[in-house]
Each structure stands twice: as structure tokens, then as C-alpha cells.
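So you can see what is in the structure, the chains are spelled out below.
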Amino acid sequence: MSEHFSDSRLVRMAIGQLLADNGVNKRTIENMVRDAINERADKTLKTLIAQNLDAQVQRIVQRELQKALCEAVRRETNAISIHITYDNGRNDR
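A brief structural summary. Small disclaimer: the values here were computed from a predicted structure and weren't measured.

### Remarks on the overall build of the protein chain
Looking only at helices and strands, the protein chain features two helices and zero strands. In the structure as shown, the protein chain presents an accessible area of about 8500 Å², 58% of it carried by carbon and sulfur atoms.

Pasting the structure below:
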């Protein structure tokens, strides 16, 4: 058991020395991890914003098309009011 402990200690020391020889220390690793997390968070946020914008644009276009169609039908039929509902499985009018 003590032999295993000394082997793992030697491996840790060797890895520590390799990292130190290449200028990698605790601060460097913290910065690398922070940068990686920030980069991933930025990508995720951009994706979520893009998806949300796409959905908002679709709703706006759909609403404007409905308004234009209702107005065109109203003009042609001299109807007082008409309401067209597009059912996409959600209630987001």
C-alpha cells in the first residue's frame, strides 16, 4: 500500500514539474478554465438569443400577415370585422 502511495506521489510530482517547466501553475489553470467556461457560456447565450429572435420574428411576420389578410378581405367583402386564427399548437397570438 505504501508503494502505491509513493508511486502516485511521484507521478503527481512529475506532472507538477512538467507543468511548472512549461509555465503552467494554479493561476494559469484557473484562467484557462475560466476562459473555457466563458467561451462556452457566450456560445450558448448567442444560440439562445438567435433562437428567441427567430421565434419573435416569426410571430411578428405571422401577425402582420394576418392583419394584412384581414384588411384585404374586409376591403373586398365590405365586412365590418373578420378574425383569422392560425393554430400552430401554441397560444402565442
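Read on for the rest.
### As for helix H2 (residues 26–77)
Compared with the 76 Å implied by 1.5 Å per residue over 52 residues, the 76 Å span of H2 between its first and last C-alpha is a close match. Immediately beyond the C-terminal end of H2, within one or two residues, lies Asn-78, with a positive phi of roughly 55°.

### Considering the pattern of salt bridges
Under the criterion given, the structure shown has three salt bridges. Its salt-bridge partner being Lys-43, residue Glu-39 comes within 3.5 Å of it at the nearest N-O pair. Here Glu-39 pairs with Lys-43, and both are found in helix H2, just four residues apart, close to one helical turn. The closest approach of N and O atoms between Lys-67 and Glu-64, which form a salt bridge, is 3.4 Å. Of this pair, Lys-67 and Glu-64 are both found in helix H2, three residues apart, which corresponds to roughly one turn of the helix. On the basis of relative accessible area, Lys-67 is assigned to the partly exposed category, the value being 49%.

### Comments concerning the side chain of Gln-66
Its place among the elements puts Gln-66 in helix H2. Aside from chain neighbours lying at most four places away, what touches Gln-66 is Ile-84, Thr-85 and Tyr-86.

### Some details on a nonpolar patch on the surface
Taken together, Val-11, Ile-15, Leu-19, Ile-29, Val-33 and Ile-37 make up a surface patch of nonpolar side chains, about 490 Å² in accessible area. Sorting the residues of the nonpolar patch by element identifies helix H1 (2–21) and H2 as the ones contributing at least two each. Counting through the fold element by element, Ile-37 comes out in helix H2.

Criteria and cut-off values
Per chain, residues are indexed from 1 in the order of the written sequence. Under the rules for a predicted model, residues below a pLDDT of 70 receive no local features and side-chain atom pairs below 80 are neither given nor counted, while totals for whole chains, interfaces and linings still include all residues. Derived side-chain values reflect all non-hydrogen atoms in the structure, with water molecules and hydrogen atoms excluded from consideration. We count a stretch as a helix when DSSP gives it H or I for four or more residues in a row; a strand needs E for two or more, and each element gets its number in order from the N terminus. Each accessible area value is a Shrake-Rupley result obtained with a 1.4 Å probe; residue values ignore everything except the protein chains displayed when judging cover. Helix span, as expected, comes to 1.5 Å for every residue beyond the first. Salt bridges are counted wherever a side-chain nitrogen of Lys or Arg sits within 4 Å of a carboxyl oxygen of Asp or Glu. Each residue is placed in one exposure class: buried if its accessible area under a 1.4 Å probe, protein chains only, is under 20% of its type's maximum, exposed if it is over 50%, and partly exposed if it falls in between. Here a residue-residue contact requires only that any non-hydrogen atoms of the pair lie within 4.5 Å. Two distance rules govern patches: like charges are joined within 9 Å, and nonpolar side chains (Val, Leu, Ile, Met, Phe, Trp, Tyr) within 5 Å, applied only to residues with over 30% relative accessible area and no salt bridge.

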